[in-house]
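If you want the building blocks of each chain, they are given just below.
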Amino acid sequence: MPNSAILRQRFLAGSDLWMRFQFIGSYDAIKLGLLTSLVLGLLFLLMVQCIPSAMTYLSVGLGALAFGGLAVMLILFDQT
């Protein structure tokens, strides 16, 4: 794989490997998502064990906040 950005672009376009190269690049996003979910899951587990009464209300509130954020993302980043 060439080090230069221009040569890499020409190589990938000429060899018809651009889509495969982008697909392999998506593995980094999957790894980051898995690591984030592991950390947040362990944090949630710890919080439920330490303060269970507060986590009842906090988990409902954070779930509503996440729902609102995802709804805004769906509206703002609509590709159609």
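Note that the coordinates shown come from a computational prediction; the quantities given were computed from them, not determined experimentally.

Our next topic: the overall build of the protein chain. When helices and strands are tallied, the protein chain shows three helices and zero strands. Reading the protein chain from its N end, one meets helices and strands in the order α-α-α. Counting across all 80 residues of the protein chain, residues that qualify as buried make up 2%. About 7200 Å² of surface is accessible on the protein chain, with carbon and sulfur atoms providing 74% of the total.

This part is about a nonpolar patch on the surface. Judged by side-chain polarity, Leu-70, Val-72, Met-73, Ile-75, Leu-76 and Phe-77 come together as a nonpolar surface patch covering roughly 680 Å² of accessible area. With respect to the secondary-structure elements, Ile-75 resides in helix α3 (residues 52-76). Of the residues examined, Ile-75 reaches a relative accessible area of 65% and is grouped as exposed.

For the protein chain, mean pLDDT is 85; residues scoring 70 or higher make up 81% of the total. Ranking the elements of the protein chain by mean pLDDT puts helix α1 (residues 5-15) last, at 71, and α3 first, at 93.

What counts, and where the lines are drawn
- Residues numbered from 1 in each chain as written.
- Predicted model: local features only at pLDDT ≥ 70, side-chain atom pairs only at ≥ 80, totals over all residues.
- Heavy atoms only, no water.
- Helix = DSSP H or I, 4+ residues; strand = E, 2+ residues; numbered from the N terminus.
- Buried < 20%, exposed > 50% of the residue type's maximum accessible area, 1.4 Å probe, protein only.
- Areas by Shrake-Rupley, 256 points an atom, 1.4 Å probe, with all protein chains shown as cover.
- Patch = residues over 30% accessible without salt bridge, like charges linked within 9 Å, V, L, I, M, F, W, Y side chains within 5 Å.
- Salt bridge = Lys/Arg side-chain N within 4 Å of Asp/Glu carboxyl O.
- pLDDT = per-residue confidence, 0-100.

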